[in-house]
Amino acid sequence: MSSTCSYKLFPVVSGGSKDEKVSCTLYDMKNEQIIVAGNSTSEDYAPAANNHAFVYAVDFDGNWKWGKFFYNVSYAVSTISGCHMDANNETVVLG
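Residues numbered from 1 in each chain as written. Predicted model: local features only at pLDDT ≥ 70, side-chain atom pairs only at ≥ 80, totals over all residues. Heavy atoms only, no water.

1. Observations regarding the overall build of the chain
When its secondary structure is counted, the chain shows 1 helix and 6 strands. Shown N-terminal to C-terminal, the secondary structure of the chain runs as helices and strands in the order α-β-β-β-β-β-β. Of all 95 residues assigned to the chain, the portion counted as buried reaches 29%. Of the contacts made within the chain by residues no fewer than 6 positions apart, 40% connect residues no fewer than 24 positions apart. Put simply, the chain shows about 6,200 Å² of open surface, and 53% of that area lies on carbon and sulfur atoms. (Helix = DSSP H or I, 4+ residues; strand = E, 2+ residues; numbered from the N terminus. Buried < 20%, exposed > 50% of the residue type's maximum accessible area, 1.4 Å probe, protein only. Contact = heavy atoms within 4.5 Å. Areas by Shrake-Rupley, 256 points an atom, 1.4 Å probe, with all protein chains shown as cover.)

2. Side note on the side chain of Asp-59
Tracing the chain through its elements places Asp-59 in strand 3 (residues 52-59). Here Asp-59 sits buried without a salt bridge, and the closest side chain of opposite charge, Lys-65, lies 4.3 Å off (N-O distance). Looking at Asp-59, its side chain comes within polar contact range of the main-chain nitrogen of Asp-61, at 3.0 Å. Here the side chain of Asp-59 touches Asn-63 through a polar contact of 2.8 Å, landing on its backbone nitrogen. (Lys, Arg positive; Asp, Glu negative; His and termini not counted. Salt bridge = Lys/Arg side-chain N within 4 Å of Asp/Glu carboxyl O. Polar contact = N/O pair within 3.5 Å; in protein donor to acceptor, adjacent residues only side chain to side chain.)

3. Let's talk about the environment of Lys-21
Within the secondary structure layout, Lys-21 lies in strand 1 (residues 20-28). Discounting residues that sit within four places of it in the chain, Lys-21 has contacts with Ala-37, Gly-38, Asn-39 and Phe-54.

4. Some thoughts on unusual backbone geometry
Not every positive phi belongs to a glycine, and Glu-32 is a case in point at roughly 50 degrees. You can see Glu-32 is positioned in the loop between strand 1 and strand 2 (33-40). Even without a glycine there, the phi angle at Asn-89 is positive, about 65 degrees. Counting through the fold element by element, Asn-89 comes out in the loop between strand 5 (82-85) and strand 6 (91-94). Since its relative accessible area comes to 15%, Asn-89 is described here as buried.

Any functional reading would require information that these geometric values do not contain.
This is the structure:
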C-alpha cells in the first residue's frame, strides 16, 4: 500500500514539529471514540517548547472530537504516564 493510500485509510495527524510521545491509547465503547494521551515538546502543538501533557479523542472516522493540553507552568503536568477505563466506562488519566 502506498503512503498516500495508508494516509487516507485513517486520516488523523496530530502533533507538531518536535516530539510527541503517546503513553496510552484507549477505546471508549460508550462514546465510540479512541482516546490518546501523552506529552509534547512542540511549541506549535502545545503552548511552548517544554514538556506539556495532552489528551484527545477521535471517532472511528478520524474526526477530532475533543482535545486538551495541560499548561506546564503553575500546575506542572508535563506528561500523561498512564490511563485506565473502568467497567463503568469512566476514564482515569494519570499525570
